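Descriptive structure summary
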Amino acid sequence: MQVNAIDPAKTAMIVVDMQNDFVAAGAAMETPAARAMVPRLVEALNICRAAGIRVIYTAHVHRRDGCDMGLFDDMHPPIANRAALVDGTPGVEIYSELAPQPGEHVIKKHRYSGFFGTDLDIILREWGIETVTISGTTTENCCHATARDAMFRNYKVVFLSDATATYDYPDRGFGPMPNAEVHHATLVILAASTAHVMSVADMDTRLGAAQETGAARANAA
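Described in the following lines is the structure provided in the data block. It should be emphasised that the depicted structure is a prediction, and the values quoted were computed from it without experimental measurement.

1. A word on the pattern of salt bridges
What the rule picks out here adds up to 10 salt bridges. Between Glu30 and Arg35 there is a salt bridge, with its nearest N and O atoms 2.8 Å apart. The partly exposed category is assigned to Glu30, whose relative accessible area is 28%. According to the relative accessible area criterion, Arg35 is partly exposed, its value standing at 24%. Note that Asp121 is salt-bridged to Arg125, the shortest N-O span being 3.1 Å. Of this pair, Asp121 and Arg125 both sit in helix H6 (residues 120-127), 4 residues apart, roughly one helical turn. Here Arg125 falls in the partly exposed class, since its relative accessible area comes to 45%. What you see here is one network of salt bridges that share partners, running through Arg40, Glu43 and Asp162.

What counts and how
Residues numbered from 1 in each chain as written. Predicted model: local features only at pLDDT ≥ 70, side-chain atom pairs only at ≥ 80, totals over all residues. Heavy atoms only, no water. Salt bridge = Lys/Arg side-chain N within 4 Å of Asp/Glu carboxyl O. Buried < 20%, exposed > 50% of the residue type's maximum accessible area, 1.4 Å probe, protein only. Helix = DSSP H or I, 4+ residues; strand = E, 2+ residues; numbered from the N terminus.

Coordinates in, geometry out; function isn't part of it.
As structure tokens, this is what we get:
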């Protein structure tokens, strides 16, 4: 997939799960690499907002009684013991440096994908969105799943290589994997099968290309 020019009027930035429970120091599901890339994501958001690109957030949450839990409590102990991602707690709020601006929505989700069981697709179609830009955490789970589901729904996908991040994987029988390797492997897979993977700087360049094309067409008219 190639996205050579990004049309602000038909593009939305999706900020995936940049919540306190993932980003804040000492959080139950702390992802240090996600906190480290916050300045780059802030830069990306500033670029998008200045260009008029709509911004929408997702937040992974579960009700305290577990009625929407599914199998997550089998995979993630902090979720199982309600130490993280409990709806209504400070931990599920968006990290303060990335706080939504007035009018920007936060989609609550219960699975990795921002599209599964939510109204994200309804909102994007109401806005006339054709391209989504994916940022946030974690690269290989919620960002990956949201990108894949977007592509399945015929959205063009821009995946920001330096505004997504993940954590170190422990040995589960196949050896450990540091976050940088997980991140890199996911980018390679997505670039081959799902998205146009690019940096924030590349996104800015392609956004500028679209704006120059639009201006040229307006002048020609």
